[in-house]
Amino acid sequence: MARNTLSDLFSRTKSLDGAGYGAYKKLKGAYSESGLTVSIDRVQADPYASPSKVRLILPMKVASIPQHLVDDATGRVAVADFLARRIQADPNRPRNVHVGDIGQQVLERTHVLVTPDRVEARLLVGLPAKGRRILGRQAAHLLADDLPNLSDDCLRHDRFDPADVQALEDHVALLRDQDALRAQLKSRKLVAFVGNGAILPRAAGDSDRPLAANRATSFESPESLSQTFELPSGRTVTGMGIPEGLTVIVGGGYHGKSTLLRALERGIYPHVSGDGREWVISRADVASVRAEDGRPITGDDISPFITNLPTGTDTSHFSTTNASGSTSQAANVVEAHVAGACALLIDEDTSATNFMIRDHLMQRLVPNNKEPITPFVQRVRSLYDATSVSTVLIAGGSGAYLRLADTVIAMDAYRPSEVTARAHDIAREGEAPEETEEAEDTGEFRHATARRILARGTLSSRKPPKPRGLSTISVDRSDIDLSAVGQLVAPSQTAAIAAALAWLSKNADGQTSLVDLVVRLERQITEKGLAVLAPGRDHPGHLSRPRGAEILAAANRYRELKLA
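What you see is a predicted model; the values in this text were computed from it and never measured.

Analysis parameters
- Residues numbered from 1 in each chain as written.
- Predicted model: local features only at pLDDT ≥ 70, side-chain atom pairs only at ≥ 80, totals over all residues.
- Heavy atoms only, no water.
- Patch = residues over 30% accessible without salt bridge, like charges linked within 9 Å, V, L, I, M, F, W, Y side chains within 5 Å.
- Areas by Shrake-Rupley, 256 points an atom, 1.4 Å probe, with all protein chains shown as cover.
- Salt bridge = Lys/Arg side-chain N within 4 Å of Asp/Glu carboxyl O.
- Lys, Arg positive; Asp, Glu negative; His and termini not counted.
- Charge placed at Lys NZ, Arg CZ, Asp CG, Glu CD.
- Helix = DSSP H or I, 4+ residues; strand = E, 2+ residues; numbered from the N terminus.
- 1 Å grid on protein atoms, 1.4 Å probe; cavity = no way out; pocket = protein on both sides within 12 Å on 5 of 7 lines; lining within 4 Å.
- Points joined across faces, edges and corners; volume = space filled by probe spheres on them.
- Domains from an automatic or database assignment.
- Contact = heavy atoms within 4.5 Å.

K.L.:
Explain a positive patch on the surface here, please?
P.N.:
On the surface, Arg462, Lys463, Lys466, Arg468 and Arg477 cluster together into a patch of positive charge. Take Lys463: it is sitting in the loop between α12 (433-438) and β21 (466-468).

K.L.:
What is the right way to look at empty space enclosed by the protein in this model?
P.N.:
Gaps between atoms show up when a probe of the same size as a water molecule is rolled over them. Inspection of the entire model under this criterion finds three cavities of 30 Å³ or more. Within this model, the largest cavity holds a volume of roughly 240 Å³. Ser288, Ala336, Ala549, Ala553 and Arg557 are the residues nearest the centre of the largest cavity, which is lined by 19 residues in total. Elements supplying a minimum of two residues to the lining of the largest cavity: β14 (286-289), α7 (325-338) and α15 (548-556). The element that contributes the greatest number of residues to the lining of the largest cavity is α15, accounting for five residues.

K.L.:
Explanation requested: the domain arrangement of the chain in the structure shown.
P.N.:
Many descriptions give the size of an interface as the accessible area lost when the pieces come together. As far as domains go, the chain holds domain 1 (6-160), domain 2 (286-430) and domain 3 (466-557). Using only C-alpha atoms to locate each centre, domain 2 and domain 3 end up separated by 28 Å. On the side of domain 3, nine residues touch domain 2, which itself brings eleven residues to the contact. Run the count over domain 2 and domain 3 and you get one salt bridge. One salt bridge connects Glu292 with Arg557, and the closest N-O pair in it is separated by 2.8 Å.

Below you can see the structure in the form of structure tokens.
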């Protein structure tokens, strides 16, 4: 059977000029010429529907990516990211051709696939129309001329100029170095690392791009916390290591405390060259935790923090549809622990005050036996001692954590200094005996005992979960609010989480815990790629890999969650 060529695609599309929009469906199929295949996998139903799904497929021998760049998983992710950015930045890319959301982070995505045998760009293409009538001539040039040109310019290594060839080499080397540094943090007993020269401030509150270098203060590590890493490329990187245990970050308002913590939150991802945070590297399982008024809780063991409620409610298996600030933060800490977090990142400004501290004056007014909340200050030491979960905490208005801290870092005009000894002296000098008692740990933090078994079909509905931007997933008439899940960075991650919820619902058996189900899913993604979340689809749409922690966070925030 003769295969369809790009010339066939051009003539067929041109012949549809003036036809009703639905006639575009006749184009579905694969068209090959000169080593390139243009595969039209899904055609939009009308001009106002989601764009059509089109793939550009090149055999690796045509793409000619050097073998040393793609001989490991890290290299393939880096090359795919580079090619996607190249498509996004191509000045000749038609404005109705999209390669998906691409930010400052290097993520495993479906946008461009790189395997040992091929390179494949997954595009969303708006097919041109006037009203509901096909503009056949425009569409013919778009599909049979513009897309092949885009493939030649952006996917074929032999068409790169020398500067772009070097840029690709550097891009792969940087990601490999970042991954290698992250892999060394645990053996050095570090939670995170911030390289000297890093630019942490962003251009604006709603921007993830760096503040201009001439306006920003570059980061320099205090000598006492300095660490140096030798990396696979031969590069040496020096900066501040944040040790395991309890680290408290202090300083005046607007001096960079929250900026540092935000960089550590995003340090779970590698960043592109020029971002300023290339060498802000956190361990992959660091978790940001905050208060979250109104979130639902289903079956959490929050008894390490909340017990003896006046209602007699069992807090070892606690549920509510509308949690308070303190209750939500207790649940968020416990859920992060259950998800396997090695460290918690907490900002006093986004925390519930009565969850974080309870001073001696309030204890005199309301006796401990009348207060069901055990504040975090009385659990933070045993959290680390019993479970090895560290805490990095911003403290701006309370010194309650100073005497407990293993490390205290003071930020002054975005410059850090280590002040642990001085902080301990001040804490000892300034504390009354009753304040010391207030900060004493009142018992060992135990591992969560409740096994959260997902009931079969609990996340199923007549329609699959649907992502809506970065922070919302709709399941039937219920919305899952992810606005407080601060380590999501791309709407395509949220899209992947929505698909993951459908997978969890399908694979729940009433016996396997929610955490174990997510671990199984992550293993499949690692082995088979993100296409696991879109079975049977050659073009899976635009998905970016989330962590298991964020998949769990979405499931935990589903108001109709049912446990077996």
